[in-house]
Amino acid sequence: MDPQGGHYLNKSAVLSCLGAARMCQLLLGCTTMALVAHSAGFSATYGTFCMFVWCFCFAVTLLVFTLDVTRLHGCMPISWDNFTVAFAMLATLMYVTASVVYPVYFLRSDCPSQGCEVRNYRIAVTVCSSVCCFAYGAEVFITRAKPGHVVGYMATVSGLLKVVQAFIACIIFGALHNDSQYNRHIPTQYCVVVYSLCFAVTVVVVALTVSGRTSSLRFPFDRFVVIYTFLAVLLYLSAAVIWPVFSFDKKYGAPGRPDDCPKGKCPWDSKLVIAVFTCANLVLYFTDLVYSQRIRFVLSSAA
């Protein structure tokens, strides 16, 4: 046994590009929370969401960094590599969202009633949060699948896209909840079913991969994922056609934004957000399908 404990500590978790990226994440995350708690402040639903993002990502990153340094992640009943890259992708998306939402709702060119010092702190929060996006993005770039390397499914383009698809679905659900009037028509209710079904299956795929339970399934997991992705493309394609028709056609809705529609509580705005992100997820699922087919073709050719 090494008296200095070197055998138990993972030096590469600190003295590596990945370790440097995680330490930057912790430093910037801690700085962001300290600035907000000290003077920048937050309020309402949007501010609470941003603070949750910063606290959640910092807590999980600290846990990941600690377990990696102490090598205790081997005791976790999960696929560690799949978990870390999936979380890094999720944290990148969450930080990007918070870095946009916070300045939109809390940063103004003129000084607020609390004084110019508060504005300066909010600028610092925005800068730190934005830079931290690149720190998490760097971890995704470092741990992503590379030619000639054996990696977990979540490190592949298909696996990373699964995280993005689920995240965009959450944005759609938020817009649906914000007075989107989806229950007025049966076709728009069908679209909600599409969003919910695809989100649920995507989460199950990610959960099974991260938990390392895919090998114990009684069916070929890779084939299931490809078939599901194909069906998701068809479902999202139908939603991408149906939702705009029953939201913006003159017969069912309003082609343009009503003048008397209050900002932040306008159903038309929610419908537009849903339409845009429905098309975005359609593109992501199609890209996922193309990439999955390419991988299957390469494997079958190699065989």
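Going by the annotation in an unreviewed UniProt entry, the name recorded for the chain is Myeloid-associated differentiation marker-like protein 2, with Danio rerio given as the source organism. Regarding the chain, the UniProt comment filed under Subcellular location (unreviewed entry) reads as follows: "Membrane". The record in UniProt for the chain states the following under Sequence similarities (unreviewed entry): "Belongs to the MAL family."

*Asks:* How would you summarise the packing of helix α2 (residues 44-70) against helix α3 (residues 80-106) if you had to cite specific residues and measurements?
*Replies:* A pair of packed helices is characterised by two quantities: the angle between their axes and the separation of those axes. Relative to each other, α2 and α3 sit at 155 degrees, their axes nearing to 9 Å. With respect to their mutual orientation, α2 and α3 come out roughly antiparallel. The crossing of α2 and α3 is left-handed. For the contact of α2 with α3, the residue count by class is 22 nonpolar, 4 polar and 1 charged.

*Asks:* Account for helix α5 (residues 157-177), naming residues and giving values.
*Replies:* Counted at 1.5 Å a residue, the expected span for α5 with its 21 residues is 30 Å, and the 30 Å between its end C-alpha atoms agrees. Counted residue by residue, α5 has 15 buried out of 21 residues, so it is predominantly covered. One or two steps after α5, the chain reaches aspartate 179, where phi turns positive at roughly 55 degrees.

*Asks:* Give me the lowdown on the environment of asparagine 120, citing residues and values where you can.
*Replies:* Relative to the helices and strands, asparagine 120 resides in helix α4 (residues 116-143). Given a relative accessible area of 42%, asparagine 120 falls into the partly exposed group. Along the chain, asparagine 120 and leucine 107 lie 13 residues apart, while their C-alpha atoms are 9.1 Å from each other.

*Asks:* Can you lay out the nonpolar core for me, pointing to particular residues and giving the numbers?
*Replies:* Trp54, Cys57, Tyr95, Tyr195 and Tyr236 are the most contacted members of the largest nonpolar core, which totals 69 residues. When residues of this core are traced back to their parent elements, those giving at least two are α1 (17-40), α2, α3, α4, α5, α6 (186-211), α7 (221-248) and α8 (267-302). Counting only domains with at least three residues in this core, you end up with domain 1 (7-154) and domain 2 (156-302).

*Asks:* Tell me what's going on with the environment of valine 125, and back it up with residues and numbers.
*Replies:* Mapped onto the elements of the fold, valine 125 is located in helix α4. Judged by relative accessible area, valine 125 falls into the buried class, the value being 0%. With 92 residues separating them along the chain, valine 125 and methionine 33 place their C-alpha atoms 8.1 Å apart.

The rules behind each value
- Residues numbered from 1 in each chain as written.
- Predicted model: local features only at pLDDT ≥ 70, side-chain atom pairs only at ≥ 80, totals over all residues.
- Heavy atoms only, no water.
- UniProt positions renumbered as here; feature names shortened; annotations may be inferred.
- Axes fitted to C-alpha atoms, helices over the stretch in contact; angles between N-to-C directions.
- Helix = DSSP H or I, 4+ residues; strand = E, 2+ residues; numbered from the N terminus.
- Parallel < 35°, antiparallel > 145°, perpendicular 65-115°, else oblique.
- Left-handed = near helix turned anticlockwise from the far one by under 90°.
- Nonpolar A, V, L, I, M, F, W, Y, C, P; charged D, E, K, R; others polar.
- Expected span 1.5 Å × (residues − 1).
- Buried < 20%, exposed > 50% of the residue type's maximum accessible area, 1.4 Å probe, protein only.
- Core = buried A, V, L, I, M, F, W, Y, C linked by side-chain atoms within 4.5 Å.
- Domains from an automatic or database assignment.

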